[in-house]
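The chain contents come next:
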Amino acid sequence: MPELPEVENTKRYLIESGIVGLQFESVWTDSPTKWMGITEEAFLSVFRDAKVVMVERVAKYLVIQTENGDFLLHLGMTGWLRIQNVDNPAHKFARHVFHFNDSRELRFMDSRKFGKIIYGEPPKVSVLCDPLAEGFALEDLGLSVLSRKRSIKSILMDQSLIPGLGNLYTDESLFQAGINPFTPIYKLSVGQLDLLTEKIKTSLIRSLDEYDLVRGVDDSEPYFSMTPWDIQRKENDPCSKCGALMQFSRINARGTYYCLECQPM
Ligand SMILES: [Zn+2]
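Residues numbered from 1 in each chain as written. Predicted model: local features only at pLDDT ≥ 70, side-chain atom pairs only at ≥ 80, totals over all residues.

Student: Which parts of the structure should I look at to understand the overall build of the protein?
Tutor: When helices and strands are tallied, the protein shows 6 helices and 11 strands. For 265 residues, the compact-globule estimate of 2.2 N^0.38 gives 18 Å, and the protein sits close to it at 20 Å. Expressed along its principal axes, the backbone C-alpha trace of the protein runs to roughly 60 × 35 × 30 Å. The 265 residues of the protein split such that 34% are buried. Across the protein, the fraction of contacts at a sequence separation of at least 24, relative to all contacts at a separation of at least 6, is 62%. (Helix = DSSP H or I, 4+ residues; strand = E, 2+ residues; numbered from the N terminus. Rg over C-alpha atoms; globule rule 2.2 N^0.38 Å. Buried ≥ 20, exposed ≤ 12 C-beta atoms within 10 Å, placed from the backbone. Contact = placed C-beta atoms within 7 Å.)

Okay, structure coming up:
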């Protein structure tokens, strides 16, 4: 699933591909129910001939800013974007296509169709707690969250608190910080919270660095599997740090891997 690094990578891809300055000419979709707050026809009445001014990321939303206002794209579980010439054969999972005035198109591929095009009030997202934002710190969650008995993993996975960390980045960050995923958040010291904050950032940035290397080199498939993980995601395989056997449990129904030696309770 696209998480923060994948969405940030997509934003960088769109900008590097030259979307800024292009003007919308027409749209096509095979999934009109995924258009929120606007139909394709209404989209054209607002955005036809509008120039793209910039692309921003707010949590896991891509904000396409135009001369005539903004709209948002959410990649859902399997969404990915490409800017391609109209002559390039379309991918079989192309669901939404935005034609520009210069024979290029923004193509939104989405095998499972959870992605969305959104117009109107942007969804409420906690930008204060964007782990890729400057100054992000777990202490920003505030005492009402930090004093809870919920496990640190379920807090990190809570999209209303920290958007876009996802299961894999969460397990990796906890592993790097040596923190057991079942630890209630109130039991973590300030030092542990600081270390976890640092490891969350490192895990995300390490992934983004990988995407920076491959972006634009081969754009035929989505960039969902470039991330270098140190955590071993197989039960009973040896931990990459200490060799002890990896444990597997479920937290909020999500598969969770951890090493009891490196991440003691
Ligand atoms: Zn270990």
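Student: Explain the nonpolar core here, please?
Tutor: What tends to happen in soluble globular proteins is that the nonpolar side chains get buried as a cluster. L73, I152, L156, L165, L174, F175 and C259 are the most contacted members of the largest nonpolar core, which totals 52 residues. Sequence-distant contacts of I152, that is, excluding residues within four places in its chain, are made with L174, I179, P181, T183, I185 and L188. (Core = buried A, V, L, I, M, F, W, Y, C linked by C-beta atoms within 7 Å.)

Student: Hey, could you run me through the pairing of strand β11 (residues 254-258) in this one?
Tutor: Within a regular beta strand, the side chains point alternately toward one face of the sheet and then the other, so they alternate between its two faces. Strand direction decides the pairing type here: strand β10 (residues 247-251) and β11, joined by 5 bridges, are antiparallel. In the strand pairing of β11, R250 is matched with G255. Hairpin remark: β10 followed by β11, antiparallel, with 2 residues in the connecting loop; positive phi at N252, about 50 degrees. (Pairing = 2+ DSSP bridges.)

Student: What is the right way to look at the domain arrangement of the protein in this model?
Tutor: Often the size quoted for an interface is simply the accessible area lost on bringing the parts together. Taken as a whole, the protein is organised into domain 1 (4-118) and domain 2 (127-258). Here the C-alpha centre of domain 2 lies 29 Å away from the C-alpha centre of domain 1. Counting from both sides, the interface comprises 14 residues of domain 1 and, opposite them, 17 residues of domain 2. Put simply, the parts of the chain that give the side of domain 1 that touches domain 2 at least two residues each are α1 (4-16) and β6 (79-85). It is α1 that contributes the most residues to the side of domain 1 that touches domain 2, 9 residues altogether. (Domains from an automatic or database assignment.)

Student: Would you take a moment to explain the sheet that holds strand β5 (residues 69-74) for this structure?
Tutor: Strand pairing in a sheet relies on backbone hydrogen bonds, with the paired strands running either antiparallel or parallel. Read from one edge of the open sheet, 5 strands run β2-β9-β5-β4-β3, paired in mixed fashion. Two strands close off the open sheet at either side, each with one partner strand: β2 (35-36) and β3 (52-58). Here strand β4 (residues 61-66) pairs with β5 via 6 bridges, running antiparallel. Across the sheet, residue V63 finds its bridge partner in β5, namely L72. Sitting on the sheet, α1 is in contact with β3 and β4, with an inclination near 170 degrees to β3. (Axes fitted to C-alpha atoms, helices over the stretch in contact; angles between N-to-C directions.)

Student: Even after reading the chapter, I still don't get the sheet that holds strand β7 (residues 94-100), so can you show me in this structure?
Tutor: Reading across from one edge, β1-β7-β8-β6 is the order of the 4 strands in this open sheet, with antiparallel pairing throughout. Two strands lie at the open edges of the sheet, namely β1 (24-29) and β6, each paired on one side alone. Each strand of the sheet is rotated relative to its neighbour by a mean of 15 degrees, with strand direction disregarded. Relative to strand β8 (residues 104-110), β6 runs antiparallel, the two sharing 7 bridges. Looking at the pairing, W80 lines up with M109 of β8.

Student: For this particular structure, what's the right way to read the environment of S45?
Tutor: Structurally, the position occupied by S45 is in helix α2 (residues 40-47). Separated by 19 residues in the primary sequence, S45 and S26 place their C-alpha atoms 10.0 Å from one another.

Student: I keep staring at the packing of helix α5 (residues 166-177) against helix α6 (residues 190-214) and nothing clicks. Help me out?
Tutor: How two helices sit against one another is set out by the angle between their axes and by the gap between those axes. Between α5 and α6, the shortest axis-to-axis distance is 8 Å and the interhelical angle comes to 130 degrees. Here α5 lies oblique to α6, going by the angle between them. Two packed elements cross with a definite hand, and for α5 against α6 that hand is right-handed. Each of Y169, E172, S173, Q176 and A177 in α5 lies in contact with α6, whose residues at this interface are L195, L196, K199, I200, T202, S203 and L204. The residue makeup of the contact of α5 with α6, split by class, is 6 nonpolar, 4 polar and 2 charged. (Parallel < 35°, antiparallel > 145°, perpendicular 65-115°, else oblique. Left-handed = near helix turned anticlockwise from the far one by under 90°. Nonpolar A, V, L, I, M, F, W, Y, C, P; charged D, E, K, R; others polar.)

Student: Sorry, what's going on with unusual backbone geometry here?
Tutor: Peptide bonds are mostly trans, and most non-glycine residues show a negative phi. Non-glycine residue K113 carries a positive phi angle of around 60 degrees. Mapped onto the secondary structure, K113 falls in the loop between β8 and β9 (116-118). For N252, which is not glycine, the phi torsion reads 50 degrees and is therefore positive. Within the secondary structure, N252 is located in the loop between β10 and β11. Owing to 12 C-beta atoms within 10 Å, N252 belongs among the exposed residues under this scheme.

Student: I'm lost on the environment of Q176 in this one. Help?
Tutor: Looking at the secondary structure, you find Q176 in helix α5. Residues in contact with Q176, not counting those within four places in the same chain, are K199, T202, S203 and D230.

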